[in-house]
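# Fold and geometry: a report
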Amino acid sequence: MAASPQSATLLGRRGRLELDELLATLVVDGYLLAEDAKLVRMGARSGRSTVELHPLVLVANAKLPNQREPGRPLGLEALTEWLAGHASLPYLKIDPMKINAAAVTQVVSHAYAQRHRILPVGVAPGEVTFATCEPFDAGWAKDLAQMIRRDVRRVVSNPVDINRYLLEFYGVQRSIQLAQDAKGTGYDSSAILNFEQLVELGKGGEIGADDRHVVHIVDWLLQYAFEQRASDIHLEPRRDAGRMRFRIDGVMHKVFELPPPVMTAVTARIKILSRMDVAEKRRPQDGRIKTRSSSGREVELRISTMPTAFGEKVVMRIFDPDLVAKDFGQLGFSAEEGAIWRSMVERPHGIVLVTGPTGSGKTTTLYSTLRHLATPELNVCTVEDPIEMVSPEFNQMQVQAAIDLDFAAGVRTLLRQDPDIIMVGEIRDLATAQMAVQASLTGHLVLSTLHTNDAPSAVTRLLDLGVPHYLIQSTLTGVVAQRLVRTLCAHCKQETAQDPHEWTALTHGWSIPLPDKVYKPQGCLECRNTGFMGRTGIYEMMQLSSRLRGLISAQLDLGHFGHAALAEGMSPLRISAAAQVARGVTTVQEVLNVIPPIEHSSV
């Protein structure tokens, strides 16, 4: 949003922004009609409260049409960017993931920052960057530069973000300091929770007075992770300072650092919430937390601890129920792939396998499929290690190695439970594979996962485990190999020309013409300037035809079998991915990062 020269004198005459001069400038610049400005002025006067809203917020809250850019709403970010142009200062959309809160909160006190409506957002050896929503009130900058003996650089950010992160950064930092100063953690073992008890953040357990700071840190961490769309939270102890990192869209981001004593206390709090043995720090443990986000959605977290050189490392995997309630189109299936998948899983019996490395979306595919299949007329049972997400539609059992309840014993038990559909978390050994085959032979549909690079390799994996080839012939219905690729941000992706060499590297020997339109990542506020938002699946679907069944033997030639699968209509991962690129969903580079190299593929 550009500023007109004649309006520049209207703003900042009294230092702090005032609503009247802001509205007058917007009218002069052609963004607002005079009638709309009058309505905002009248509304502000009639609705005055004890809390004085920033003039930008008052204008944004009115949701007025943008007269100069009809397609773009006159929102808070657009107004802030316009204001920055008037003040000839850089505009900054605050990304908390890129701010070292521990460092910036040491520069000035909370009271000073609040008084001047400023937020420190960057610290360098000779310079500190401050975000302000009052760009014409600059008296503090000169004084502060002398006090801290560093240059002060100002950027303009929206007042809502400044207020929010002032509270969060200084609040969390204060909690960390107070937790570090506390003499003891005072955890009460009676705070151990039931498997399915809902944890209301900030209200769980019999927590002593000294622990409210640790409770605040853990609450903030979880809510922050939900907001940032993290799939995993990593707490990593180190000698000098423990690190918090989030995995977002498959990429790790550093979030925060904690002093070692506070990291230990946060780990203990999480272990209590997830029903682990707090005193046991020498061996790995698993647990789970069921909680509710600030928006009211229930979210499950699977917790894993691991002893390291400097303490226990904790990984929390976040399972949002909304993510596993997807239909097949939302998973990334094309219409043709969706039809093939349905034909595999809607049979009364047989084994259907989903393959791929850890983190390739196998669990989401299986849970979404089970939700699709689970009707009141069917008994759906699962045996998992661990139960990824508790679902009311299924009967779920967890593997317990300590009492010899493994996958094979679990399937054996489920067969006595009159099941229609059985989901086995993973086929890891011959005993489990044999029980899966047995379940299929006795008239049940069995869904499970394997770790292989592509779909044809699943057959050789079963043979390697020791399953007789004739049993694979008679029970295996189909195999799906999958990967997850980051999807381009719909708000900012840009059309571009496809590099023919990249396209050839992707399609490798397949005569698929270059698509008419492809897109590249650009980066905007919505996607945190990464150019990507969310992930989708790419799939390789192999249905076992009578010809393929005939090729399965004890001495299977994987290369020959893979080419036969292609001849029978299997579309390899590369071609599924090329179709997603052609649809403008992702990029060739993203796909090449996740699919197996040609030498590791059987097709």
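Residues numbered from 1 in each chain as written. Predicted model: local features only at pLDDT ≥ 70, side-chain atom pairs only at ≥ 80, totals over all residues. Heavy atoms only, no water.

For strand 16 (residues 476-488), the buried fraction is high: 11 of the 13 residues fall into the buried class. As judged from the 5 bridges shared by strand 11 (residues 350-355) and strand 16, these two strands associate in the parallel manner. Following the sheet pairing, V354 is matched in strand 16 by V480. Summarising the sheet, strand 16 and strand 19 (residues 532-543) pair through 10 bridges and their orientation is antiparallel. Bridge pairing in strand 19 places A481 opposite E540. (Buried < 20%, exposed > 50% of the residue type's maximum accessible area, 1.4 Å probe, protein only. Helix = DSSP H or I, 4+ residues; strand = E, 2+ residues; numbered from the N terminus. Pairing = 2+ DSSP bridges.)

On to the layout of surface pockets. Empty space within the second largest pocket amounts to approximately 610 Å³. Considering the residues around the second largest pocket, the lining is formed by 25 residues, among which K93, I94, D95, P96 and R528 are closest to the centre. Elements supplying a minimum of two residues to the lining of the second largest pocket: strand 1 (118-124), strand 3 (151-156) and helix 8 (159-181). The element that contributes the greatest number of residues to the lining of the second largest pocket is helix 8, accounting for 3 residues. (1 Å grid on protein atoms, 1.4 Å probe; cavity = no way out; pocket = protein on both sides within 12 Å on 5 of 7 lines; lining within 4 Å. Points joined across faces, edges and corners; volume = space filled by probe spheres on them.)

For the coordinates displayed, the defined rule picks out 24 salt bridges. Notably, a salt bridge pairs R164 with E227, separated by 2.3 Å at the nearest N-O pair. Residue R164 is found in helix 8, and its partner E227 is found in helix 9 (residues 212-227); the two are separated by 63 residues along the sequence. Classification of E227 as partly exposed rests on a relative accessible area of 40%. A cluster of three or more residues bridged by salt bridges with shared partners is formed by E77, K93 and D161. (Salt bridge = Lys/Arg side-chain N within 4 Å of Asp/Glu carboxyl O.)

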